[in-house]
Protein chains: 2
Amino acid sequence: MTSQRMVIAQLIHDSDDHPDVDTIYRRASEIDSSISLATIYRTVAILEEAGVVEKLDIGDGRARYEAAGEHHEHLVDVDTGDIHEFHHLELEALKERIANEMGFELVGHRLELYGRRLASSKTSKDTKAQD
Amino acid sequence: MTSQRMVIAQLIHDSDDHPDVDTIYRRASEIDSSISLATIYRTVAILEEAGVVEKLDIGDGRARYEAAGEHHEHLVDVDTGDIHEFHHLELEALKERIANEMGFELVGHRLELYGRRLASSKTSKDTKAQD
DNA sequence: CTAAATGCAAAACCTTTGCCTCAAA
DNA sequence: TTTGAGGCAAAGGTTTTGCATTTAG
C-alpha cells in the first residue's frame, strides 16, 4: 500500500540471495533513503504473514528472507557461507510421511544441510541436486 | 572439573525435555543457588564443543540443549509447543545422498517438522515414528 | 478526514565479555 | 602458588515497541 512497503517487497523479490534484515535495510535505503529499520522489521513480518516472503534461519542469529514460492531447502556451505537451494520430491514426501506416522499433520518444516564441498567437485561451483 | 560444571552437565543429562538456558539456570539454581547465568552460557558452550550436549534451535529465538547421543530429529507440536523426538534411518540416508548429489560432504544438518495432531490420533499422546 | 503506516529512539531479549575474585590441582 | 573457572555487571547484536507525525484511501 505504501511506497516503503512496495520497495521492500520488490527488493526481496528481486534478490536471489537470502538477505538479512540489515542487508534489506541497506538495499532499501539506496532506493528510498528515508526508510527506517523499524519499517523493514514491521514489513517483513507482514509480508511473511501474508505469505509473500519466507523467513529463513540458518543459525547465525539473524533472520534472512526470500520470496515465497516454490518451496526449496537450503544447503549451507560451511566454508564459504554460501547458500545453495535444492528441491527434492522424495524428501518432501518423506517429511510428510514421518509426521503422519507420528500422528501429526505436517504444517511446516525447517531443514538446512551443512556441507563441505567434496574435492571431486571443487571445479563445479554450481552443482545442483535434482531440481 | 568444577562443581558448577558438573551440576550443569548432570542436569542437562537428566532432563528429558529440551531446556533453554534460562530453564537450565533456574534448575541449576535450585541445586546451587550461587550459579550465575554467565556460567550457564559458558558451560553449555564448552559442553557443546566437547560433544557432550547438543544445541537445538526450534526457531523461537533462544537456544535449547539436550544430552548428546543418538541423533534424532524433532517434531514440534504447533498447538502445544511440545517437542517430539524421532529417528528415521531413511531420512538420514536421504540427507546424506542429497548433499552428495550436490557435491558436498554432509557435516551437519538441522531439521524440525512442525505439525498439528491429527484428530484420529488425539487419544494417543505418545505416538512415535519408527525409532 | 480517518485509520493505518512510518520514523525515531528507547527498550526488550538473548547472549557475550571484561575484570576481579575464588577455587582447583 | 598458579592457572583456569565463576560471579557480577556492563556491553553487544538483533528485534520489538511507544509515541508523535505523516501518508494513503
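Residues numbered from 1 in each chain as written. Chains lettered and ligands numbered in written order. Predicted model: local features only at pLDDT ≥ 70, side-chain atom pairs only at ≥ 80, totals over all residues. Heavy atoms only, no water.

Peer 1: So what's going on with the relation of the copies chain B and chain A? Residues and values would help.
Peer 2: Note on the copies: chain B fits chain A at an RMSD of 0.2 Å, the axial shift is 0.1 Å, and the rotation between them is 179°. Viewed as a symmetry operation, the transformation between the two copies matches a two-fold axis. In terms of proximity to the rotation axis, the leading residue of chain B is Leu111(B), whose C-alpha is 2.1 Å off the axis. (Least-squares fit on C-alpha atoms with pLDDT ≥ 70 in both.)

Peer 1: Got a sec to walk through the protein's contact with DNA strand C? Specific residues and values, please.
Peer 2: In the vicinity of DNA strand C, 16 residues are found, and the nearest of them are Thr2(A), Ser34(A), Thr39(A), Arg42(A) and Tyr41(B). Interatomic distance of 2.9 Å between a backbone N/O atom of Ser36(A) and a phosphate oxygen of DNA strand C. The side chain of Tyr41(B) places a nitrogen or oxygen atom 2.6 Å from a phosphate oxygen of DNA strand C. Of all the elements in the fold, those that place two or more residues in the surface near DNA strand C are helix H1 (3-14) and helix H3 (37-49) of chain A together with helix H3 (37-49) of chain B. (Near = heavy atom within 4 Å. Polar contact = N/O pair within 3.5 Å; in protein donor to acceptor, adjacent residues only side chain to side chain. Helix = DSSP H or I, 4+ residues; strand = E, 2+ residues; numbered from the N terminus.)

Peer 1: Could you give me a rundown of helix H4 (residues 89-101) of chain A, with the residues and numbers involved?
Peer 2: Each full turn of the α-helix corresponds to 3.6 residues, which orients residues three or four apart in the same direction. Residues and elements named next belong to chain A. Counted at 1.5 Å a residue, the expected span for H4 with its 13 residues is 18 Å, and the 18 Å between its end C-alpha atoms agrees. Taken together, the buried positions of H4 are occupied by Leu91, Glu92, Leu94, Lys95, Ile98 and Ala99. Seen end-on, H4 carries its buried residues on one side only, within an arc spanning 170°. (Expected span 1.5 Å × (residues − 1). Buried < 20%, exposed > 50% of the residue type's maximum accessible area, 1.4 Å probe, protein only. Arc of directions from axis to C-beta.)

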